[in-house]
Amino acid sequence: MEKREVAQVLEWFSDMGVSDVLNTDSVKPSSGQITSLSKLKQAMAAVDISIKHCATNMVFGMGNEKADILLLGEAPGAEEDKQGLPFVGQSGQLLDKVLAAIGLDRTKVYITNILPWRPPGNRTPNTQEVALFRPYVLKHISLINPRVVVCLGGTSTKALLQTSDGIMRLHGRWTSAEGVSAKIMPTFHPAYLLRSPSQKREFWRDFLIVREEIQKVASYF
Ligand code: URA
């Protein structure tokens, strides 16, 4: 495009009242340009990654944007891909039950995943995919600014903490991660609990610890 044409385009945007144009091709979470959830969503949608071409919908996040608790899953499954919302399948139903049991629901928490697209065949996100999206996840967490992040399962725990320790070892204890100001509680993935119901008791205990922390500040308990 010639200089004169660029000037015309900019003038056109200015006439339309647009003052803040996000060049999504090049926006990195570290650039400082992503100052809202809608800008983050736009930037993530522009990430060039193969899984996006196999997915039906991008699953960004849902819930209370001022939540004290952010729940971080792994990646959308089939139902989430269909609806474009996180945890709306069987795992989500189990998650809703645990939230209800501690006096919470989806209007009081925020839910997102490490990956915004469903990997083909529901495979586990690979190292490159996780590394590519981790900075976006950190930005997502900082924009919500929760008091607590609950990592649901080994993949989100490993991604956030950048550890190779397993979930059996890490769950149920507060931990922290560089670049995250919230306290982090690793726990099991609800899909794992559907396969191993005997661990539900531990899951519940982990959520009780979260409730204890949130009770200090929240008026809704
Ligand atoms: N499993 C996840 O980790 N996230 C979802 O959104 C659904 C299932």
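Residues numbered from 1 in each chain as written. Predicted model: local features only at pLDDT ≥ 70, side-chain atom pairs only at ≥ 80, totals over all residues. Heavy atoms only, no water.

What to know about the packing of aromatic side chains
In plain terms, the rule: Aromatic rings from Phe, Tyr and Trp, taking only the six-membered ring of Trp, are treated as a pair when their centres fall within 6.5 Å; an angle between ring planes under 30 degrees marks them as stacked, one over 60 as edge-to-face, and anything in between as tilted. Numbered from the N terminus, helices here are DSSP runs of H or I no shorter than four residues, and strands are runs of E no shorter than two. Per-residue accessibility, obtained with a 1.4 Å probe over protein chains only, is compared with the maximum for each type, and a residue is labelled buried under 20%, exposed over 50%, and partly exposed between these values.
Tallied over the entire structure, the rule returns four aromatic pairs. Look at Trp-117 and Phe-133: their rings are 6.0 Å apart centre to centre, the planes differ by 70 degrees, and that puts the pair in the edge-to-face class. In this pair, Trp-117 is assigned in the loop between β3 (109-113) and α6 (127-144) and Phe-133 in helix α6, connecting sequence segments 16 residues apart. For Phe-133, a relative accessible area of 0% puts it in the buried group. Taken together, a centroid distance of 5.0 Å and an interplanar angle of 75 degrees make the contact between Phe-203 and Phe-207 edge-to-face. Taken together, the residues Phe-203 and Phe-207, both in helix α10 (residues 200-215) and four residues apart, mark about one turn of the helix. Take Phe-203 and Phe-207: they sit in the same class, and that class is buried. Within the aromatic cluster, the residues linked to one another by ring pairs are Trp-117, Phe-133 and Tyr-136.

Here we look at empty space enclosed by the protein
The cut-off we apply is this: Using only the protein atoms, space was sampled on a 1 Å grid; points where a 1.4 Å probe fits but cannot get out form cavities, open sets with protein on both sides within 12 Å along at least five of seven lines form pockets, and lining residues are those with an atom within 4 Å of a point. Grid points are joined across faces, edges and corners, and a volume is the space filled by probe spheres set on the points. Note on residue classes: Ala, Val, Leu, Ile, Met, Phe, Trp, Tyr, Cys and Pro are nonpolar, Asp, Glu, Lys and Arg are charged, and everything else, Gly too, is polar.
The full count for this structure, using the stated rule, is one cavity of 30 Å³ or more. Around the largest cavity, the lining residues are Met-44, Val-59, Phe-60, Thr-112, Asn-113, Ile-114, Leu-115, Pro-116, Tyr-136, Val-137 and His-140. Where the lining of the largest cavity is concerned, the elements lending two or more residues are β3 and α6. Per-element tally for the lining of the largest cavity: the top contributor is α6, with three residues. A breakdown of the residues in the lining of the largest cavity according to their chemical character gives eight nonpolar, three polar and no charged.

Some remarks on the site of the ligand
As a reminder of what qualifies: The near set for a molecule or strand comprises every residue that places at least one heavy atom within 4 Å of it. In the analysis that follows, any N or O atom pair within 3.5 Å is treated as a polar contact, provided that within protein one partner can donate a hydrogen and the other can accept it, and provided that, for residues neighboring in sequence, both atoms belong to side chains. The Shrake-Rupley method, run with a 1.4 Å probe sphere, supplies the accessible areas, and residue values consider only the shown protein chains as cover. For this analysis, a molecule is said to be in a pocket or cavity if more than half of its atoms are within 2 Å of the grid points defining it.
Residues in contact with the ligand, as listed here, are Gly-73, Glu-74, Ala-75, Glu-80, Pro-86, Phe-87, Asn-113 and His-189. Here Glu-74 contributes a backbone N or O atom positioned 2.8 Å from an oxygen atom of the ligand. Bound to the protein, the ligand loses 93% of the 240 Å² it would expose on its own. Here the ligand occupies the largest pocket. A breakdown of the residues in the shell around the ligand according to their chemical character gives three nonpolar, three polar and two charged.

As for the pattern of salt bridges
Pairs can form between side chains of opposite charge whenever their charged atoms are close. Convention followed: By definition, a salt bridge exists where a carboxyl oxygen of Asp or Glu is found within 4 Å of a side-chain nitrogen of Lys or Arg.
For the coordinates displayed, the defined rule picks out nine salt bridges. For the salt bridge of Arg-106 with Asp-96, the shortest nitrogen-to-oxygen distance reads 2.8 Å. With Arg-106 in the loop between α5 (90-101) and β3 and Asp-96 in helix α5, this pair connects stretches of sequence that are ten residues apart. The partner of Glu-213 in a salt bridge is Lys-216, and the shortest N-O contact between them spans 3.0 Å. Judged by relative accessible area, Glu-213 falls into the buried class, the value being 6%.

Considering the pairing of strand β2 (residues 69-73)
To keep it simple, the criterion reads: Paired strands, as defined in this entry, are two strands with at least two bridges between them according to DSSP.
Of all five residues in β2, five are buried, a share of seventy percent or more. Going residue by residue along β2, you find Ile-69, Leu-71 and Gly-73 tucked away on one face and Leu-70 and Leu-72 tucked away on the opposite face as well. Strand direction decides the pairing type here: β2 and β3, joined by five bridges, are parallel. Residue pairing in the sheet places Leu-71 in a bridge with Ile-111 of β3. Sheet analysis places β2 next to strand β4 (residues 148-152), joined by four bridges and oriented parallel. By the bridge assignment, Leu-72 is partnered in β4 with Cys-151.

What to know about helix α2 (residues 37-45)
Residues lying three or four places apart along an α-helix face the same way, a consequence of the helix completing one turn every 3.6 residues. The criterion, for reference: This arc is taken over the directions from the axis of the helix to the C-beta atoms. Here, residues are in contact when the closest pair of their heavy atoms is within 4.5 Å.
Among the residues making up α2, those that are buried are Leu-37, Lys-39, Leu-40, Ala-43 and Met-44. Axial view of α2: buried residues confined to an arc of 160 degrees, hence all on one face. For α2, the elements touching its buried residues are β3 and α6.

The values reported here are purely geometric and, on their own, carry no functional implication.
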